[in-house]
Amino acid sequence: MMPLVSATKEDARFVYDLRFNDQNRHLCWTMTFPSFQEHEQYFLKHLHEYKIIMKADKKIGFLRLGKEIGIFLLKEYQGRGIGSIVLSQVSGRTSIKKENTMSQRAFENAGWKQTGYIYEKKEEEIEQ
Ligand SMILES: CC(C)(COP(=O)(O)OP(=O)(O)OC[C@H]1O[C@@H](n2cnc3c(N)ncnc32)[C@H](O)[C@@H]1OP(=O)(O)O)[C@@H](O)C(=O)NCCC(=O)NCCS
């Protein structure tokens, strides 16, 4: 299990920098890149959907449990199995771009079922 803590309004900058950095901004379908102020307004409105992924006392990523699931890890924590563990703890639905094979593998490892671009996992399918 990876500890997930509810985001607070102070996490707006952490989430923005991770979601919209040069490496990540094109990974999801969103093609609009908001200013920090625009993001902050949106983030605060949806604050209850955001979880911060922790490793010891360090924030290493975030999960968004919205209409679609979103997950982003700091670069230095990617490719170590952490995303697969986090995704095995939650259920929902997401769509992943064809070229994002790392994300596809992580969702598959976590037992999400794929139909086209859509990945889904039901709450009752989460292993306890
Ligand atoms: C997507 C993400 C959350 C996955 O978490 P992760 O901890 O890095 O993933 P894992 O280490 O659990 O699994 C990654 C899988 O991709 C494979 N992989 C690693 N590096 C890869 C690469 N450069 N290209 C393709 N696959 C790769 C791994 O081998 C592993 O698959 P396997 O277990 O079958 O071998 C994380 O990589 C991330 O934050 N990426 C950037 C943001 C992003 O794409 N978010 C999703 C948007 S929908």
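It should be noted that the structure appears before, not after, this text.
Residues numbered from 1 in each chain as written. Predicted model: local features only at pLDDT ≥ 70, side-chain atom pairs only at ≥ 80, totals over all residues.

## Describing the packing of helix 1 (residues 12–19) against helix 2 (residues 36–45)
Direction vectors running N to C along helix 1 and helix 2 enclose 120°, while the axes themselves pass 10 Å from each other. With respect to the hand of their crossing, helix 1 and helix 2 are arranged in right-handed fashion. Of the residues in helix 2, those touching helix 1 at Ala12, Val15 and Tyr16 are Phe36, His39, Glu40 and Phe43. The residue makeup of the contact of helix 1 with helix 2, split by class, is 5 nonpolar, 1 polar and 1 charged. (Axes fitted to C-alpha atoms, helices over the stretch in contact; angles between N-to-C directions. Helix = DSSP H or I, 4+ residues; strand = E, 2+ residues; numbered from the N terminus. Left-handed = near helix turned anticlockwise from the far one by under 90°. Contact = placed C-beta atoms within 7 Å. Nonpolar A, V, L, I, M, F, W, Y, C, P; charged D, E, K, R; others polar.)

## With respect to the sheet that holds strand 4 (residues 69–73)
One open sheet accounts for 4 strands, arranged 1-2-3-4; its pairing is antiparallel. Each having just a single partner strand, strand 1 (4–6) and strand 4 make up the two edges of the open sheet. Shown here is a sheet whose adjacent strand axes are inclined to one another by a mean of 30°, direction ignored. Packing against the sheet, helix 1 makes contact with strand 2 (50–55), strand 3 (58–65) and strand 4, and its axis sits at approximately 80° to strand 3. (Pairing = 2+ DSSP bridges.)

## Considering the environment of Gln114
Tracing the chain through its elements places Gln114 in strand 6 (residues 113–115). We classify Gln114 as exposed; it has 12 C-beta atoms within 10 Å. Spatially, the C-alpha atoms of Gln114 and Arg80 are 22 Å apart, while their sequence positions differ by 34 residues. If we ignore the near neighbours within four places in the chain, the residues touching Gln114 are Glu108 and Tyr119. (Buried ≥ 20, exposed ≤ 12 C-beta atoms within 10 Å, placed from the backbone.)

## A word on the site of the ligand
The ligand sits among 22 residues. The nearest are Gln78, Gly83, Ser84, Arg105 and Ala106. When contributions to the shell around the ligand are tallied by element, the ones reaching two or more residues are strand 4, helix 3 (82–88) and helix 4 (101–109). Split into classes, the residues belonging to the shell around the ligand amount to 9 nonpolar, 11 polar and 2 charged. (Near = placed C-beta within 6 Å.)

## Digging into the pairing of strand 4
Among the 5 residues in strand 4, 4 count as buried, and that is most of the element. Relative to strand 4, strand 3 runs antiparallel, the two being bridged by 5 bridges. Considered in strand 4, the bridge of Leu65 is made with Ile69. Between strand 3 and strand 4, which pair antiparallel and follow one another directly, the connecting turn spans 3 residues.

Spatial relationships are all this shows, so hold off on functional conclusions.
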